[in-house]
There are 2 protein chains.
Amino acid sequence: MGKIKLSEISTRAPKGFDKTETKEKTAAIIKELDELQNLLYAEGKHSILVIIQGMDASGKDGVIRNVMGNMNPQGVTVKSYKAPTAEELSYDFLWRIHNHAPKKGMIQVFNRSHYEDIVITRVHKWCDDETAEKRIKAINDFEQLLTNHNDTHILKFYLHVSPEEQQERLTERLSDPAKMWKYNEKDFEEAKLWDIYMEMYEDCFNNCNNPEWAIVPADQNWYKEFLIATKLSELLKSFDMKFPGLKK
Amino acid sequence: MGKIKLSEISTRAPKGFDKTETKEKTAAIIKELDELQNLLYAEGKHSILVIIQGMDASGKDGVIRNVMGNMNPQGVTVKSYKAPTAEELSYDFLWRIHNHAPKKGMIQVFNRSHYEDIVITRVHKWCDDETAEKRIKAINDFEQLLTNHNDTHILKFYLHVSPEEQQERLTERLSDPAKMWKYNEKDFEEAKLWDIYMEMYEDCFNNCNNPEWAIVPADQNWYKEFLIATKLSELLKSFDMKFPGLKK
């Protein structure tokens, strides 16, 4: 894989995707996901970690609600990572992450993740380059640990919005009563740091690429949801699962 | 460091160590440890992970009681690892270990540890060589994570008893009312696997040696306790700690 440059990747659906048609397809996949997840849980062999990253207003919550929200909550857990607490800071940065690794049979979704420890922290210079380099190595080792020692399959999604779309959505939060609760006065300040954010994300994609990231064009929710549902469904199908028989 | 061969390392104190004199020294060190640990806790900068491994009846519990037992329990926690539960087995093998990593300011003691996942498991062929190799790599990565990302200092002690001393102690458990509770009929069976256990431990020392292991001659409790108290005290002193001033 060549080096990823976000500015060269479209934030919109490729030509030829029809919105209505795609939405119908997504609905069918989401129905299937429910059955596949049930099988994953029953079999208890594999586990899936879905990591969702993206700028403010890139639609992380929406993906979780619309794509993951239809499966049995007993088998799907979501962990949202915020700024680390004083308690969490008294451990290494992966401690709070490992604590929420998926058990066998489970789908664990991370709304933000350990990647914040090499993105926002570097944008604001809370973390120097030397520390970031060590963290990158530790993240790669950690993802290999989950992969090799618990058969955890990691899907990493970056929700790729354009700065224009982000501004529109942030502004909407100021006027839409259903979205006002999401408004944070810092968001507009953060948005000004767009270029450096992109650079730090590109660093993640290029240095932490085993497994690789999926860069998801995210200006249109219908396309974003279709793509993520498809990837998840393809992964689940690749397990070739069967309901276990009676226990002897 | 050359390859470690346990059969070439004495299980007894080196010549010139007087029992009474050494015991007095140990008592003085243990007194000091209490103050040093208090400083570690107050400063909240460093953390220590003490890993204690050894064959049955090598004196792991005794070290914990006699060397660690004098410090403030608020700053010293002990985790004994037994055979993993079904819950623990549904995660990667380091999940239950990471969960008990020391916070800043703390001393965490492991009575047995992740090393069981490459020792007893290999002795009994519950784990094949390929898996063991992957685990060794994962253990090294994990210990580096703690070291580099939370300033955790890891002390690894192998309590080195002779098979003769072990037999004597196991037999004592059959007749000493204060020790009967420790008797496990499987212990004598396990003891027959001595040579293969030694080989698997040597593999740990040679492959997971960053930080290095201390092989502690353990036939005499007084010498073993002296050595471990000394190592812990030396480590604490190396931090050059100061009580923090008033918070601004």
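Our subject is the structure listed above.
Quick summary incoming for the structure in this document. Being a predicted model, the structure only gives us computed values, none of them experimental.

Here the focus is the overall build of chain A. When helices and strands are tallied, chain A shows 10 helices and five strands. Based on the C-alpha atoms only, the size of chain A along its principal axes is roughly 60 × 45 × 40 Å. By the burial criterion, 53% of the 248 residues in chain A qualify as buried. In chain A, the proportion of contacts linking residues at least 24 apart, taken out of those at least 6 apart, comes to 83%. Total accessible area on chain A stands at roughly 12,500 Å², and carbon and sulfur atoms take up 51% of it. Here chain A carries 35 positive and 40 negative side-chain charges, and the mean point of each set is 4 Å from the other.

On to the sheet that holds strand S4 (residues 152-160) of chain B. Strand pairing in a sheet takes place through backbone hydrogen bonds and is either antiparallel or parallel in direction. Residues and elements named next belong to chain B. Reading across from one edge, S2-S3-S1-S4-S5 is the order of the five strands in this open sheet, with parallel pairing throughout. Pairing within the sheet leaves two strands with one partner each, and these edge strands are strand S2 (76-80) and strand S5 (213-217). Averaged over neighbouring strand pairs, the angle between their axes works out to 20° when direction is ignored. Docked against the sheet, helix H6 (residues 129-150) engages strand S1 (47-54) and S4, running at close to 140° with respect to S4.

This part is about the nonpolar core. Judged by nonpolar contacts, the single largest core of 142 residues is most densely connected at Val50(A), Ile48(B) and Val50(B). Each residue touching Ile48(B), except ones within four places of it in the same chain, is listed here: Leu40(B), Pro102(B), Met106(B), Ile107(B), Gln108(B), Thr152(B), His153(B), Leu155(B), Leu232(B), Leu235(B), Leu236(B) and Phe239(B).

The partner chain A presents 24 residues to the 24 residues of chain B that form the contact. With both sides pooled, the region where chain B packs onto chain A buries about 2,100 Å², and carbon together with sulfur makes up 55% of that total. On the surface where chain B and chain A come into contact, there are four salt bridges. Between Lys137(A) and Asp141(B) there is a salt bridge, with the nearest N and O atoms lying 4.0 Å from each other. On the surface where chain B and chain A come into contact, there are 13 residue pairs in polar contact (both at pLDDT 80 or more). Elements represented by at least two residues in the side of chain B that touches chain A include exactly helix H3 (86-89), helix H4 (95-98) and H6 of chain B. Per-element tally for the side of chain B that touches chain A: the top contributor is H6(B), with 10 residues.

Residue and element names in this part refer to chain B. Relative to the assigned elements, Gln 166 resides in helix H7 (residues 163-175). By relative accessible area, which is 2% here, Gln 166 ends up buried. Not counting residues within four places of it along the chain, the set of residues in contact with Gln 166 comprises Met 55, Asp 56, Ala 57, Val 161, Ala 191 and Trp 194.

The subject of this paragraph is the sheet that holds strand S3 (residues 107-111) of chain A. Residues and elements named next belong to chain A. Reading across the sheet, the five strands line up as S2-S3-S1-S4-S5 and stay open at both edges, with parallel pairing between neighbours. Strands at the two margins of the open sheet, each flanked by one partner only, are strand S2 (76-80) and strand S5 (213-217). Between one strand and the next, the sheet's axes are offset by a mean angle of 20°, whatever the strand orientation. Across five bridges, the pairing between strand S4 (residues 152-160) and S5 is parallel. When the sheet's bridge partners are listed, His 160 is paired in S5 with Pro 217. Against the sheet, helix H6 (residues 129-150) makes contact with strand S1 (47-54) and S4, and its axis sits at roughly 140° relative to S4, the strand it touches most. Against the sheet, helix H10 (residues 221-238) makes contact with S1, S4 and S5, and its axis sits at roughly 170° relative to S4, the strand it touches most.

We now examine the relation of the copies chain B and chain A. Both copies of the chain are tied together by a single rotation about an axis and a shift running along it. Mapping chain B onto chain A calls for a screw motion: a turn of 180° about the axis and a shift of 0.0 Å along it, with 0.0 Å RMSD after fitting. Taken together, the rotation and translation describe the operation of a two-fold axis. Comparing interface residues between copies, 100% of those in chain B also sit at the interface in chain A, which points to an isologous, same-surface contact.

Residues and elements named next belong to chain A. The N-to-C vectors of helix H2 (residues 60-68) and H10 enclose an angle of 55°; their axes lie 10 Å apart at closest approach. It follows that H2 is oblique to H10 by the angle criterion. For the crossing formed where H2 meets H10, the hand is right-handed. Together, Gly 62, Val 63, Asn 66, Val 67 and Met 68 of H2 and Lys 224, Glu 225, Ile 228, Ala 229 and Leu 232 of H10 make up the contact between the two elements. The residue makeup of the contact of H2 with H10, split by class, is six nonpolar, two polar and two charged.

This part covers the pattern of salt bridges. Side chains bearing opposite charge may pair, as long as their charged atoms lie close to each other. Here the structure, examined in full by the defined rule, presents 32 salt bridges over all chains. For Asp61(A), the salt bridge is made with Lys182(A), and the minimal N-O distance between the two is 2.9 Å. A residue pair is termed long-range when its members are at least 10 positions apart, and Asp61(A) in helix H2 and Lys182(A) in the loop between helix H7 (163-175) and helix H8 (185-191) qualify at 121 residues. Salt-bridge contacts for Asp203(B) lead to Arg122(B); the nearest nitrogen and oxygen are separated by 2.9 Å. In this pair, Asp203(B) is assigned in helix H9 (residues 194-207) and Arg122(B) in helix H5 (residues 120-123), connecting sequence segments 81 residues apart. Among the residues examined, Asp203(B) registers a relative accessible area of 26% and is labelled partly exposed. Connected through shared salt-bridge partners, Lys137(A), Asp141(A), Lys137(B) and Asp141(B) make up one network.

Take the environment of Ile9(B) next. Residues and elements named next belong to chain B. Looking at where Ile 9 falls in the secondary structure, it is placed in the segment before helix H1 (19-43). Residues Ile 9 and Val 216, 207 residues apart in the sequence, show an inter-C-alpha distance of 9.4 Å. Ignoring anything within four residues of it in the chain, the contact list for Ile 9 reads Ile 4, His 160 and Ile 215.

On to the state of the cysteines, then. A complete count under the given rule lists zero disulfides over all chains for this structure. The thiol of Cys204(A) is not disulfide-bonded; the next cysteine sulfur, from Cys208(A), is found 5.8 Å away.

Another point: the pairing of S4(A). All names here are of chain A. Burial within S4 is extensive, with eight of its nine residues counted as buried. Pairing of S1 with S4, which is carried by eight bridges, proceeds in the parallel orientation. Residue pairing across strands places Ser 47 opposite Thr 152, the latter belonging to S4.

The rules behind these values
- Residues numbered from 1 in each chain as written.
- Chains lettered and ligands numbered in written order.
- Predicted model: local features only at pLDDT ≥ 70, side-chain atom pairs only at ≥ 80, totals over all residues.
- Heavy atoms only, no water.
- Helix = DSSP H or I, 4+ residues; strand = E, 2+ residues; numbered from the N terminus.
- Buried < 20%, exposed > 50% of the residue type's maximum accessible area, 1.4 Å probe, protein only.
- Contact = heavy atoms within 4.5 Å.
- Areas by Shrake-Rupley, 256 points an atom, 1.4 Å probe, with all protein chains shown as cover.
- Lys, Arg positive; Asp, Glu negative; His and termini not counted.
- Charge placed at Lys NZ, Arg CZ, Asp CG, Glu CD.
- Pairing = 2+ DSSP bridges.
- Axes fitted to C-alpha atoms, helices over the stretch in contact; angles between N-to-C directions.
- Core = buried A, V, L, I, M, F, W, Y, C linked by side-chain atoms within 4.5 Å.
- Buried area = accessible area lost by both parts, 1.4 Å probe.
- Salt bridge = Lys/Arg side-chain N within 4 Å of Asp/Glu carboxyl O.
- Polar contact = N/O pair within 3.5 Å; in protein donor to acceptor, adjacent residues only side chain to side chain.
- Least-squares fit on C-alpha atoms with pLDDT ≥ 70 in both.
- Parallel < 35°, antiparallel > 145°, perpendicular 65-115°, else oblique.
- Left-handed = near helix turned anticlockwise from the far one by under 90°.
- Nonpolar A, V, L, I, M, F, W, Y, C, P; charged D, E, K, R; others polar.
- Disulfide = S-S within 2.5 Å.

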